[in-house]
Structures are given as C-alpha cells and as structure tokens.
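Observations on the model geometry
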Amino acid sequence: MPDATSGRARSGPAKILAVVNQKGGVGKSTTSVNLAAALGEEGQKVLVVDLDPQGNATSGFGLNKNQRELCIYNALLGDTPIAAIIEPVEVEHVFAVPATIQLAGAEIELVSALSRENRLKSILDEVSADFDFMIIDCPPSLGLLTINALTAAEGLLIPIQCEYYALEGLSKLLDSVRLVKTHLNPELEVFGVVMTMYDSRTRLAHQVVEEVQDFFGDRVFQTLVPRTVRLSEAPSHGQPVTIYDPLGKGAEAYRSLAKEVIDRV
C-alpha cells in the first residue's frame, strides 16, 4: 500500500462515513470525491472506498475502471488484502479503493457468503489505523453492499438534493439503519445531512432545505452545495472540483463542508 501514514492529522482508527441514499442522482459520488479532496487539503488522510458497481467515484478521481485487474470486489469476495488495492489519487493525502463492473455480481455472491454483512468491516479494519477518514460511496440501493457499508461505518452522510420529493424513500433508509443498528452495528448514527444541487434563485430550494431541517434538525450541515456547471463537468475530466475549478463555488462549498465535518468529529 502507498504510504498513507506520514503527517497524519489524527491518531487512532479512522472515522468511517458511509455516503448513502437509495435514490440515484442525489450527489453521492460527487460528495464522496469532493469531500475527500477537501479533507485532503486540510491535511487529513482519507481513503475513499468505491462500493458502487458503476464506479463513479473511481472515474471521478481519474482512475480507469475498465482496465483494472483488482478492485474492491477482490477484497470482499476474494483473498486479496485491501492494502494491495489502495491507490493514491491526484490529491495529496487522498487514496482510493476502486470499483469495476465486476462488483455488480457481488450482491448475489454475498448472499451465500460467510459473515456476509461484515465483509467490508473486516477488510477496512486491516487499514483503519492508517487513515483519519474513510468515505464509503454506496450504490443507490439497500442491498447487501449497502448493508456492508452500514455495518462498517460509524456514521451516515446523507446527500439530499434540493428538488421535489427530496425526502421520498428516506423513511425506508432510516428503517434499514435501525435494523442494522439493532442487529449488526450499535454504533451507527446519522452523522450529517448535506443539501446538494442548491439553487438560491428558486423558492423550491429554500422550501426543501427548511423541510429537511425540520426532519433532521441540527444534523443538517450549514453548507449548501450549489448546482454549478463546473461541478457537473469535473467528473468527466477525472478530477475533484477542488482541482478542476479550485476557485469556483462548488470547490468553496466542499471546503466549507470539510471544515464542518472535521469540527463534528
């Protein structure tokens, strides 16, 4: 594994956050990549674990998901140590465990696997002491991959888009969280909620923020991630927005969010 221990900002095991929302298109991968990059700028050692077969976080860091021999699948369902899969990315202090389409079969293969809900936790425990934060980018479903993430994580980071039906389906997610908390991971809590795709020009965006704040209270971060063209473009260039458009509103928002995350920890 690349040296991920020098200059660490904290001591002890990593704070593990699962970025989760079973709705697609709410900004999970965008948040995973850009929050990690902003935390890295703050001197935090961060590992991003791409647990989504679509591999958006992998390509968001400029890692080619189509030409890889090893990915998170090989650690979850094979004998490959996770340290052999970890790769540095363009941002200092940030590392990634990539995903490929091979991961798509993991949901089915995990069904019959021993300790199927604890696979991810076991492999992350091997390297937890080397990082300050681990960020797990979850697939847009509540299958066994996401259950593995909930079992491994201490906290959930829930991105919610500032659009109609923002809270739709969240009750099902929170039901799953309660089940995991009861049976698998008593430490699991909602660490924070981040509002994404915010457009200050619309009344709807303000209403959605108020609605989510009424529901989640002070677990909603003050930072509002704006809807910007540059933020949307960054993944196609294989870069976090902090590198692609370092002075833009998107980069500023994720830097602000990173400071809030550090303060909460």
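Check the entry above for the structure.
Below you will find a few notes about this structure.

Basis of the calculations
- Sequence order as written defines the numbering, with residues in each chain counted from 1.
- For this predicted model, a pLDDT threshold of at least 70 governs which residues receive local features, and a threshold of 80 or more governs which side-chain atom pairs are given and counted, while totals over whole chains, interfaces and linings are taken from all residues.
- Side-chain figures throughout are based on the complete set of non-hydrogen atoms in the structure, without hydrogens or water.
- Where helices and strands are cited, they refer to DSSP runs of H or I of at least four residues and of E of at least two residues respectively, numbered from the N terminus.
- Helix span, as expected, comes to 1.5 Å for every residue beyond the first.
- Each residue's exposure class comes from its accessible area (1.4 Å probe, protein chains only) as a fraction of the maximum for that residue type: buried when under 20%, exposed when over 50%, partly exposed otherwise.
- By definition, the arc is the one covered by directions from the helix axis to the C-beta atoms.
- Contacts are residue-level and defined by heavy atoms, with any inter-residue pair within 4.5 Å sufficient.
- Note on definitions: the grid is 1 Å and covers protein atoms alone; a cavity is a set of points where a 1.4 Å probe fits but cannot get out; a pocket is an open set with protein on both sides within 12 Å along at least five of seven lines; lining residues have an atom within 4 Å of a point.
- Grid points are joined across faces, edges and corners, and a volume is the space filled by probe spheres set on the points.
- Gly is placed with the polar residues, together with every amino acid not listed as nonpolar (Ala, Val, Leu, Ile, Met, Phe, Trp, Tyr, Cys and Pro) or charged (Asp, Glu, Lys and Arg).
- Put simply, two rings from Phe, Tyr or Trp (the six-membered ring, in Trp's case) pair if the centres are within 6.5 Å, and we call them stacked under 30 degrees between planes, edge-to-face over 60, tilted for the rest.
- For a lysine, the NZ atom is tested; for an arginine, the CZ atom; a charge sits over a ring if that atom is within 6 Å of the ring centre and within 35 degrees of the ring normal.
- Under this definition, polar contacts are N or O atom pairs within 3.5 Å; protein pairs additionally need one hydrogen-donor-capable and one acceptor-capable atom, and for neighbouring residues in sequence, both atoms have to be side-chain atoms.
- In this scheme, strands are said to pair when DSSP sees at least two bridges between them.
- Axis lines are fitted through C-alpha atoms, for helices just across the contact stretch, and the angle between N-to-C directions can take any value from 0 to 180 degrees.
- Note that the term roughly parallel is reserved for angles under 35 degrees, roughly antiparallel for angles over 145, roughly perpendicular for angles of 65 to 115, and oblique for everything else.

1. Points about helix 8 (residues 203-216)
Taking 1.5 Å of rise per residue, the 14 residues of helix 8 would be expected to cover 20 Å, and the 20 Å separating its terminal C-alpha atoms lies within 8% of that figure. Turning to helix 8, its buried residues are A205, V208, V209, V212 and F216. The arc that holds the buried residues of helix 8, viewed along the axis, is 100 degrees, so those residues lie on one side. Residues of helix 8 that are exposed and point more than 90 degrees away from the buried face comprise R203 and D214. Tucked inside the fold, the buried residues of helix 8 contact strand 6 (155-161), helix 7 (170-183), strand 7 (189-198) and strand 8 (220-226). Looking one or two places after helix 8, you find G217, whose phi comes out positive at around 65 degrees.

2. Details of the layout of surface pockets
Estimated volume of the largest pocket: approximately 450 Å³. Elements that contribute at least two residues to the lining of the largest pocket include exactly helix 1 (28-41), helix 2 (56-60), strand 7, strand 8 and helix 9 (229-233). Here the lining of the largest pocket takes five residues from helix 1, the largest share from any one element. Of the residues that constitute the lining of the largest pocket, the class distribution is twelve nonpolar, 13 polar and three charged.

3. Structural notes on the packing of aromatic side chains
Aromatic ring pairs: the centre-centre distance and the angle between the two ring planes describe each pair. Enumeration according to the criterion identifies four aromatic pairs in this entry. Geometrically, the ring pair formed by F95 and F131 is edge-to-face, given 5.9 Å between the ring centres and 70 degrees between the ring planes. Note that F95 is positioned in strand 4 (residues 94-97) and F131 in the loop between helix 5 (119-125) and strand 5 (133-137), a separation of 36 residues in sequence. Accessibility assignment for this pair places F95 and F131 in one class, buried. For the pair Y164 and Y165, a centre-to-centre distance of 6.5 Å together with 50 degrees between the ring planes defines the contact as tilted. The exposure class of Y164 is exposed, given its relative accessible area of 61%. In this arrangement the basic side chain of R264 is found over the ring face of F221, its NZ or CZ atom lying 3.9 Å from the centre.

4. Thoughts on helix 7
Given a rise of 1.5 Å per residue, 14 residues ought to cover 20 Å, and the 20 Å separating the end C-alpha atoms of helix 7 matches this to within 8%. If you follow the buried residues of helix 7, they end up packed against helix 6 (144-152), strand 6, strand 7 and helix 8.

5. Observations concerning the side chain of N185
You can see N185 is positioned in the loop between helix 7 and strand 7. Residue classification places N185 among the buried positions, given a relative accessible area of 7%. A distance of 3.2 Å separates the side chain of N185 from the backbone oxygen of T151, its partner in a polar contact. When neighbours within four sequence positions are excluded, N185 is seen to be in contact with L150, T151, A152, A153 and V180.

6. A look at the pairing of strand 4
Residues of strand 4 alternate between two faces, with V94 and A96 on one and F95 and V97 on the opposite face, all of them buried. Pairing analysis gives four bridges linking strand 2 (residues 46-50) to strand 4, with the strands arranged parallel. Bridge pairing in strand 4 places V46 opposite V94. Relative to strand 4, strand 3 (residues 87-88) runs antiparallel, the two sharing two bridges. If you follow P88 over to strand 4, its bridge partner there is F95.

7. Concerning the environment of V194
Tracing the sequence through the fold places V194 in strand 7. When its relative accessible area of 0% is taken as the criterion, V194 is described as buried. Between the C-alpha atom of V194 and that of K28, which follows or precedes it by 166 residues, the distance is 10.0 Å.

8. Remarks on the packing of helix 1 against helix 11 (residues 249-264)
Running from amino to carboxyl end, helix 1 crosses helix 11 at an angle of 75 degrees, the nearest separation of the two axes being 8 Å. The angle between helix 1 and helix 11 falls in the class roughly perpendicular. Each of T30, T31, N34, L35, A38, L39 and E41 in helix 1 lies in contact with helix 11, whose residues at this interface are Y254, R255, L257, A258, V261 and I262. Tallied by class, residues from the contact of helix 1 with helix 11 come to eight nonpolar, three polar and two charged.

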